[in-house]
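Analysis of the macromolecular model
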Amino acid sequence: MFELLKTDPASKARLGRLTTAHGVVDTPVFMPVGTQGSVKALDLRELNEAGTSIILGNTYHLNLRPGLEIITAGGGLHRFINWDKPILTDSGGFQVFSLAKIRKVKPHGVEFRSHLDGSLLFLGPKESMEIQRILGSDIAMTFDECPPHDAPAKEQRHAVERTIRWARECREQPRAPGQLVFGICQGGVNPALREECAKAIVELGFDGYAIGGVSVGEPEPEMMKAVELAEPFLPANQPRYAMGLGTPAQLVELVARGVDMFDCVLPTRIARNGTAMTRKGAVSIKAGFNKADFGPIEEGCDCFACRHHTRAYLRHLLNVNEILGLRMLSVHNSHMILKVMADIRTHLAAGTFAEFRREFIAHYVPSKKVMLARVAAAAANS
Ligand SMILES: [Zn+2]
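Residues numbered from 1 in each chain as written. Predicted model: local features only at pLDDT ≥ 70, side-chain atom pairs only at ≥ 80, totals over all residues. Heavy atoms only, no water.

The next point concerns the pattern of salt bridges. Scanning all chains against the criterion turns up 21 salt bridges. In this structure, the salt-bridge partner of Arg17 is Asp26, at a minimum N-O distance of 3.4 Å. Judged by its relative accessible area of 36%, Asp26 falls in the partly exposed class. Across the pair Asp343 and Lys339 runs a salt bridge whose closest N-O atoms are separated by 2.8 Å. Of this pair, Asp343 and Lys339 both sit in helix H14 (residues 323–350), four residues apart, which is roughly one turn of that helix. For Lys339, a relative accessible area of 38% corresponds to the partly exposed category. (Salt bridge = Lys/Arg side-chain N within 4 Å of Asp/Glu carboxyl O. Buried < 20%, exposed > 50% of the residue type's maximum accessible area, 1.4 Å probe, protein only. Helix = DSSP H or I, 4+ residues; strand = E, 2+ residues; numbered from the N terminus.)

The next subject is the environment of Lys126. If you trace the backbone, Lys126 turns up in helix H6 (residues 125–135). Take Lys126: its relative accessible area is 55%, and that puts it in the exposed class. Taking the C-alpha atoms as reference, Lys126 lies 49 Å from Glu299; in sequence the two are 173 residues apart.

Glancing now at the coordination of the zinc ion. For the zinc ion, the full set of protein donor atoms is Cys301 (SG), Cys303 (SG), Cys306 (SG) and His332 (ND1), at a range of 2.1 to 2.3 Å. Around the zinc ion sit four donor atoms; with metal-centred angles ranging over 102 to 117°, the donor geometry is tetrahedral. (Donors = N, O, S within 2.8 Å, 3.2 Å for Na, K, Ca; no water. Tetrahedral: all angles 85-135°; square planar, octahedral: opposite > 155°, others 65-115°.)

In this section: empty space enclosed by the protein. In total, this model carries two cavities of 30 Å³ or more according to the counting rule given. Within this model, the largest cavity holds a volume of roughly 70 Å³. Every residue lining the largest cavity is listed: Pro147, His149, Gln156, Gln186, Gly188, Val189, Gly213, Val214, Val216, Glu218, Glu222 and Ala226. Along the lines of polarity and charge, the residues of the lining of the largest cavity split into five nonpolar, five polar and two charged. A volume near 50 Å³ is recorded for the second largest cavity. (1 Å grid on protein atoms, 1.4 Å probe; cavity = no way out; pocket = protein on both sides within 12 Å on 5 of 7 lines; lining within 4 Å. Points joined across faces, edges and corners; volume = space filled by probe spheres on them. Nonpolar A, V, L, I, M, F, W, Y, C, P; charged D, E, K, R; others polar.)

Rendered as structure tokens:
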């Protein structure tokens, strides 16, 4: 199922190959997020052209709309959205704890009100696995509790206890044919909790392991720490997935910390704000300095947007709210992040990942927020 092809001698980076019911995924991999059954603003041709090998779908959202009846009648999620490559489904735990109005956390799941119409619903390990089985995803995720990064210690502990108990329940549920199930480890930045949770989840035995409880508003140093705390307890011969991360530079650093799989809404979300991802950092295409810039978003990028349009034109489209502007930025950003991952795999195969990492980080200008968090963390450590 997972083949570890090569490990980088200078870091924990790994080159691997994951085989699923709908095909092979070369790792490290970035998985574009198709929450509602669509990677926002992109069509199938664009996803394929960008080199997408696997996308995400979301249990919570797809179960609410269009609902399982329609997806089943449409022949399952793959056929309904006409995507014949692998799909990973998120369990819905993150959405229940972040979007819905929770009424009650119960032993076997959560009673909550739909964020759409306020109707009373229940989602737990059994329900989540049942939905994911019906959706027919290639990789299903266990139903976990994902507390905010600043949750008090007691809440973190409860989340870990529930996450372990619910993972056990998930493991007992029936699966779709060939469906893999990944366990999720929580525990915030508490070393003891991370260790306890990772060990317990690994002991239950899943096809892969995710590091959850990241991308929940924590500053970058905490995110790196959470991954570093969990990683040593995850088996080397199985895939590791860091949920909901991150910027291009963070992905390079997380690969170096032994992570194989990523997903993030960032490329398409910031595109819709008029921001492009480049190897020198994020660039606002809307900004005045692009007014008469007749070069591409990024020199050397071979995406459709960069091959056909200039920054000046795209800035104009964004300023007059033409849909094409944000579509072209979504095309570029998705292409860019997938190309970074492809470059990582090439360099891992060639044994030159260390140089690639050094150069990439040297040229990448992080956001002000990331910079400030790094300075604060360095000051706290000195
Ligand atoms: Zn481009």
